[in-house]
Amino acid sequence: MKSLKANTGTIVPSPALIVSCRSKEGKNNALAVGFASNVSINPLIVMIGVVPTHYSYKLIEESGVFVINYPKEDYMKEYLFLGSKSGKDMDKFKEMDIKWKDGDVVDAPILTDCAVALECKVISSETPCGGDHTIFYASIEAVHCDEKYVKENGRIDWKNIPLLSNMSLM
């Protein structure tokens, strides 16, 4: 094995995720998120990492809610746009004609062209060890899935969803 620089060692593969949120004034926003994970099964807790200088950070911090959206492979153009532009400068939903609906439980948009969406409520946050991302820990309040990816037992059929992977971005 060849030795590489430590900063090349992130955990992959994982799905490319989009986190959507809303300002107090009702403006929708979304960003591509590279750091996300399950933290606990019981209770069900997830985490996302967001850079504090990003526009969405302020929206999530103020509202205490967000939605984790799992885009499919055909959503690459939108994913790259949402990850490279700031909602501070434009209405990204309008620019890319992002389809959405209101969350059932949290006041944040669900991206309806994505395969799965998790409505989340922040329970705590921290910036570990002086890192460049703040970690938002959140409980999952509601789960949405495109009907064609729901098994008969009511569970998500993850293996048959053509998820956009961070591997396709490298």
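See the structure shown above.
Our subject in this report is the structure included herewith. (Residues numbered from 1 in each chain as written. Predicted model: local features only at pLDDT ≥ 70, side-chain atom pairs only at ≥ 80, totals over all residues. Heavy atoms only, no water.)

1. Some words on the sheet that holds strand β1 (residues 17-22)
The condition is simple: When DSSP locates at least two bridges between a pair of strands, those strands are taken to pair. Strands here mean DSSP runs of E at least two residues long; helices mean DSSP runs of H or I at least four residues long; both are numbered from the N terminus. Axis definition: a line fitted to C-alpha atoms, limited for helices to the stretch in contact. Angles are taken between N-to-C directions and run from 0 to 180 degrees.
Read from one edge to the other, the open sheet built from 7 strands follows the order β2-β1-β5-β8-β9-β4-β3, with strand pairing classed as antiparallel. Because the sheet does not close on itself, it has two edges, and the strands there are β2 (28-33) and β3 (36-40). The sheet shows a mean angle of 35° between the axes of neighbouring strands, direction not considered. As defined by bridge partners, strand β5 (residues 65-70) adjoins strand β8 (residues 116-126) across 6 bridges and the pair is classed as antiparallel. Considered in β8, the bridge of Val-67 is made with Glu-119.

2. Things to note about the nonpolar core
Put simply, the rule reads: Here, the term nonpolar core denotes a set of buried Ala, Val, Leu, Ile, Met, Phe, Trp, Tyr and Cys residues that are joined through side-chain atoms within 4.5 Å. For each residue, the accessible area found with a 1.4 Å probe, counting protein chains only, is set against the maximum for its type, and the residue is called buried under 20%, exposed over 50%, and partly exposed in between. Contacts were defined at the residue level, with two residues in contact if any of their heavy atoms lie within 4.5 Å.
In terms of nonpolar packing, the biggest core is built from 26 residues, with Val-19, Ile-48, Ile-60, Phe-66, Ile-68 and Cys-120 touching the most fellow members. Elements that contribute at least two residues to this core include exactly β1, β2, β4 (45-50), α1 (55-63), β5, β8 and β9 (134-145). Counting residues per element, this core draws most heavily on α1, at 4 residues. Leave out the neighbours within four places in its chain, and Ile-48 touches Val-19, Val-33, Phe-35, Ala-36, Ile-60, Phe-66, Ile-68, Thr-134, Ile-135 and Phe-136. Residues Ile-18, Tyr-75, Met-96 and Ile-98 belong to the second largest nonpolar core, which totals 13 residues.

3. Description of helix α2 (residues 76-84)
For the record, the criterion: The arc refers to the directions leading from the helix axis to the C-beta atoms.
Of all the residues in α2, the buried ones are Glu-78, Tyr-79, Phe-81 and Leu-82. What you see down the axis of α2 is that its buried residues fit within an arc of 165°, all on one side. Opposite the packed face of α2, turned more than 90 degrees from it, sit the exposed residues Lys-77, Gly-83 and Ser-84. At its buried positions, α2 is contacted by β1, β2 and α3 (92-95).

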